Amino acid sequence: MKNLLIVVIILILSACASTKKDFVFDGSTIESTQYGISKVSKRLKPTQQIEFMMALMAIQFSDVKSVNDVIGDPTMTNEMNYFIIGKKIDGLNYYGLLDLAKSSPTKVSVAAQ
């Protein structure tokens, strides 16, 4: 019985630790993209959550060539566009998403207050 308890604890801990590398984003729908982002975000430390959200924004805006691509499009300025992000992160895991954001010509940073 004691061995069973140890095995269960190890499995639970390994499941939490492996989420970032094993979870693959499903970007086929807006809902599945939003669910995946929420699921991964909840398992991150606060500093990692910020890095994750900045990466998502860099990915969302990676195809923007000028301000004209954004002006008048509320889905680009007022919210995270899960449709655009989903197309770009489909099939990636957490680390693949961060790598994609790093290769984006759009750079996102936290503004100093």
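The present account deals with the structure reproduced in this document.

Basis of the calculations
Residues numbered from 1 in each chain as written. Predicted model: local features only at pLDDT ≥ 70, side-chain atom pairs only at ≥ 80, totals over all residues. Heavy atoms only, no water. Axes fitted to C-alpha atoms, helices over the stretch in contact; angles between N-to-C directions. Helix = DSSP H or I, 4+ residues; strand = E, 2+ residues; numbered from the N terminus. Parallel < 35°, antiparallel > 145°, perpendicular 65-115°, else oblique. Contact = heavy atoms within 4.5 Å. Nonpolar A, V, L, I, M, F, W, Y, C, P; charged D, E, K, R; others polar. Salt bridge = Lys/Arg side-chain N within 4 Å of Asp/Glu carboxyl O. Buried < 20%, exposed > 50% of the residue type's maximum accessible area, 1.4 Å probe, protein only. Core = buried A, V, L, I, M, F, W, Y, C linked by side-chain atoms within 4.5 Å.

**Considering the packing of helix H3 (residues 46-60) against helix H5 (residues 82-89)**
Packed helices, taken two at a time, are described by the angle their axes make and the gap between the axes.
Move 1: Close contact between H3 and H5 brings their axes to 9 Å; oriented N to C, the two are set at 95°. With respect to H5, the axis of H3 lies roughly perpendicular. Across the interface between the two elements, Leu56, Ile59 and Gln60 from H3 touch Ile84, Ile85, Lys88 and Ile89 from H5.
Move 2: Among the residues making up the contact of H3 with H5, the classes are represented as 5 nonpolar, 1 polar and 1 charged.

**Quick word on the pattern of salt bridges**
Move 1: Using the criterion set out here, one finds 1 salt bridge in the structure.
Move 2: A salt bridge links Lys88 to Asp63; the nearest nitrogen and oxygen atoms lie 3.0 Å apart. With Lys88 in helix H5 and Asp63 in the loop between H3 and helix H4 (74-77), this pair connects stretches of sequence that are 25 residues apart.
Move 3: Classification of Asp63 as exposed rests on a relative accessible area of 52%.

**What to know about the nonpolar core**
Move 1: If you look at the biggest cluster of nonpolar residues, it comprises 18 residues, and the most contacted ones within it are Phe25, Ile37, Val40, Phe52, Leu56, Ile89 and Leu97.
Move 2: Elements supplying a minimum of two residues to this core: helix H2 (30-42), H3, H5 and helix H6 (94-103).
Move 3: The biggest single contributor to this core is H3, with 5 residues.

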